[in-house]
Amino acid sequence: MIFSELRFFVFFALAFGVHWALRSNTARKRWLLVCSYFFYGLWDWRFLGLIAGSTLLDYFAALRMRSSSSPRAWLLVSLVGNLGSLALFKYLDFFIESAAQLASALGFEPNLHTLGLILPVGISFYTFQTLSYSIDVYRRELEPVRRLDDFALFVSFFPQLVAGPIVRAVDFLPQLDTARVWRDVRVRACLTLFLVGFVKKACVSDNVVQLVDPYFAQPNAYDALGAWTATLFYAVQIYCDFSGYSDMAIAVSGLLGYELRVNFDFPYFAASIKEFWRRWHISLSSWLRDYLYIPLGGSRGSAWFARRNLMLTMLLGGLWHGAGWNFVIWGGLHGLALVVHRLWEESGRKLPAPLGMLLTFLWVCMAWIFFRASSLESAWTSVRSFVGFASPGELSWGWTPLATFAALAGAHALGATHAVGRWLERRSEAAYAMCYGASFAVAFAFSNGAVKPFIYFQF
Amino acid sequence: MSEPRARLGAVAAALLCLATFVGAAALLRRVTPHGSGLERMDVKLDAFAPRKDEFTLLFLGSSRTIRGFVPAQFDAALAARGVQVRSFNLGVPGGRLPEMLHMLERVAELEPQSLDYVLIDPEDFELIHDTRNALAQSGIAWHDPATTQLALEHLATSARDDRFERAADHLQALGFNLLNVGRTSRWVNAALGREPSPSFVADSLGARGDGHTALFDEQETLQARRRRFERGRAEYERMVEVYRAQPQPERAPPPQFLALLARFEAGVRALGAEPVYVIQPALARQWDLIAAAQAGAIEPLLRYDDPELHADLFAHSSRFDSLHLNDVGAEIFTRKLASDFADWVTRREGARK
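Residues numbered from 1 in each chain as written. Chains lettered and ligands numbered in written order. Predicted model: local features only at pLDDT ≥ 70, side-chain atom pairs only at ≥ 80, totals over all residues. Heavy atoms only, no water.

> Now, about empty space enclosed by the protein: what can you tell me, with residues and values included?
Residue and element names in this part refer to chain B. All chains considered together, the criterion is met by two cavities of 30 Å³ or more. Of the voids in this model, the second largest cavity is the one considered here, and its volume is about 50 Å³. Lining the second largest cavity, in full, are P98, L101, H102, E105, A141, W142, D144, T147 and R263. When contributions to the lining of the second largest cavity are tallied by element, the ones reaching two or more residues are α5 (97–109) and α6 (137–142). Sorting elements by how many residues they give to the lining of the second largest cavity places α5 first, with four residues. (1 Å grid on protein atoms, 1.4 Å probe; cavity = no way out; pocket = protein on both sides within 12 Å on 5 of 7 lines; lining within 4 Å. Points joined across faces, edges and corners; volume = space filled by probe spheres on them. Helix = DSSP H or I, 4+ residues; strand = E, 2+ residues; numbered from the N terminus.)

Written out as structure tokens, the structure reads:
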């Protein structure tokens, strides 16, 4: 079940109605827990045990960190448990395949078999969430939560369970202590945000995919214009898909009275790659900074040491997205750009912001090719077309889609001014209601009937 | 503001929002074009639209019609009998009776002035529960409340194991229909530079541009199906024997089927044309349609489903597979249909005099 599906509207109406009808905070939280497990179980009920196991492991490990004389051992238990399940379900087959390829390249004939395990949806998100909890408790930045149901709700909270944002315990758990009050809910802001997210996902992402998928299925068949069109629209697709999901998650959570942090801040308007990562998937980039980059040493020590840490963080960040060398290369390209950017900063020179924005966007687009391509060979074909204007084939969509891309960019720039949102905020209740109803009617008409899962569900 | 007053205000705002939504959705439904522009139904209707007043006869159906009915041969055969028609093949792959009704509505919106006859092969009514294409624009389009209700009523009386899944599919398509999901896909596709490829248009319209095509043979999956069929001649002949031996079940046609046929009939007559029902030669029985004809609910029904009467149409050499004719079979079928149709027209004219 995804947020842009009709059945989600029914599910949420029920979850929302019962939530606010209940008086006691405990009853509301337990209701949301039931809803969350139901929501996850709809994907595949067999993995409910996995999320429950992960919850129990970190709940008890954190409690034992306080009561035991060796908290480090309990941290280790949490790390091994969480990273172990991630390694098993997400990476084991990748490592087996890579080992087999390496061995055969070296002239051996290994008899290695992959396990073919199904990747539990959202595992990368909730694993990082529970890991950060254990680490925060170990660092004594957070007290372990005593109520198991509170902790279970933190891990499984349905608005952000399957594709983030990655919520920090320190942000979320305190909100569970007090009953949410309807008066405090910023209803209009949440409704507007949901509509914006819906438009991004259902009207933009699900439509532009029809240019992206055919291209990446056979990049050899298209000319350079086709490659540019597909690459630019993939940048649009993945942004609208993921940030649209995040917008809807934040809105849905907000309507239930729980605030989640912003996850995207118009990243394609970043004037540098460093700024891009402060605006793109903020909950992941800040997680990687706090739990990987800084523990590795961060920017302390020599310049080379800091660059190594940056590179390592981005390579692992790439691997977090998927078990494949294309994701590692994608991370590596971003790491490389960050290192170059740091060198540039150290040189004291400055680029005009529009030029920086353009260069950053083009680099990000080029890196997306590796993220999207079905194989390294096809990625290389696409990069040659995108960077070198090579035309291996003749198929093309002409210039029309690029005009549409420019229109979308204009709309996005208007969105970045928040002018429309502010205008809506100033309307009377009746005027807002009418605008909202009419906008949703238009949004449905522009949405695509073939509901596609969110791209980030696979991570 | 007091709490009860605030709640009242929220309810009023929600109702206003809903009312605006409904109003805007109704307005959008009026101003948006049909289809996505990329489905075969769209390609055929887009080709038909500018020449709508040239044609006097349409044949609605599925892939059986696309392959089996050859307008040029039909027109020539009728001309030889002194009956002048200009026909167009409006078969679409996987076409079901509700989709054909939707197509007829789109034809009616074009206001053709010269239509005299609309032929239809509605196929087995049970096929409307094959919901694989329910979320294509043509699938969403036929799931209006009245037709979906008929489909659900039919499911409720069905013994199918998957009736709940199929009901959910129908309801989702109905939801999409009511919400206008995808109604602007023609505009979206134009903005994205997406248009049907020349080969797709050629596949859809055929060499003469009249909607008949055998070019599906080019598709790899169909070629594989064809090869299997070629190899399995004995198996096919055994299937024909089984088909031939099937007795007609003693059951009345489903009322939902009759309701859709009545809607079709009314739609055709509103165009100033006569409906003609056809069962094409295929190893798939259409007992409901036969029962409807026997009960006097439809007329005329031209049948080509008896392997004894039409051995040439069921001969292995006439078939692409068990459901479709090849070019040889299509020619024989079109000739026979033209002859029977001419007889019916002559009888009808005679009765009128």
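> How would you sum up the nonpolar core? Please name residues and give values.
Residues F8, Y133, F158, Y268, W280 and W368 of chain A are the most contacted members of the largest nonpolar core, which totals 149 residues. The element contributing the most residues to this core is helix α9 (residues 224–255) of chain A, with 19 residues. Not counting chain neighbours up to four residues away, the residues in contact with Y133 of chain A comprise D58, A62, L142, P144, V145, F151, F154, A169 and L173 of chain A. With 38 residues, the next largest nonpolar core counts L115, A151, A292 and L301 of chain B among its residues. (Core = buried A, V, L, I, M, F, W, Y, C linked by side-chain atoms within 4.5 Å. Buried < 20%, exposed > 50% of the residue type's maximum accessible area, 1.4 Å probe, protein only. Contact = heavy atoms within 4.5 Å.)

> An account of the sheet that holds strand β4 (residues 274–279) of chain B is requested, with residue identities and associated values reported.
All names here are of chain B. Reading across the sheet, the five strands line up as β2-β1-β3-β4-β5 and stay open at both edges, with parallel pairing between neighbours. Lying at the two open borders of the sheet, with one neighbouring strand each, are β2 (87–91) and β5 (301–303). Each neighbouring strand pair of the sheet contributes to a mean axis angle of 20°, computed without reference to strand direction. In this sheet, β2 lies alongside strand β1 (residues 57–61) in parallel orientation, the contact comprising five bridges. Bridge pairing links F59 to N89 in β2. (Pairing = 2+ DSSP bridges. Axes fitted to C-alpha atoms, helices over the stretch in contact; angles between N-to-C directions.)

> Go over the domain arrangement of chain B with me, naming the residues and quoting the values.
Residue and element names in this part refer to chain B. Splitting chain B by domain gives domain 1 (1–31) and domain 2 (36–352). Inter-centroid distance (C-alpha atoms) of domain 1 to domain 2 is 43 Å. Together, the buried faces of domain 1 and domain 2 total about 490 Å²; carbon and sulfur atoms form 43% of this surface. Taken together, domain 1 and domain 2 are joined by zero salt bridges. Here domain 1 is connected to domain 2 by four residue pairs in polar contact (both at pLDDT 80 or more). In terms of residue class, the side of domain 1 that touches domain 2 is built from four nonpolar, no polar and one charged. (Domains from an automatic or database assignment. Buried area = accessible area lost by both parts, 1.4 Å probe. Salt bridge = Lys/Arg side-chain N within 4 Å of Asp/Glu carboxyl O. Polar contact = N/O pair within 3.5 Å; in protein donor to acceptor, adjacent residues only side chain to side chain. Nonpolar A, V, L, I, M, F, W, Y, C, P; charged D, E, K, R; others polar.)

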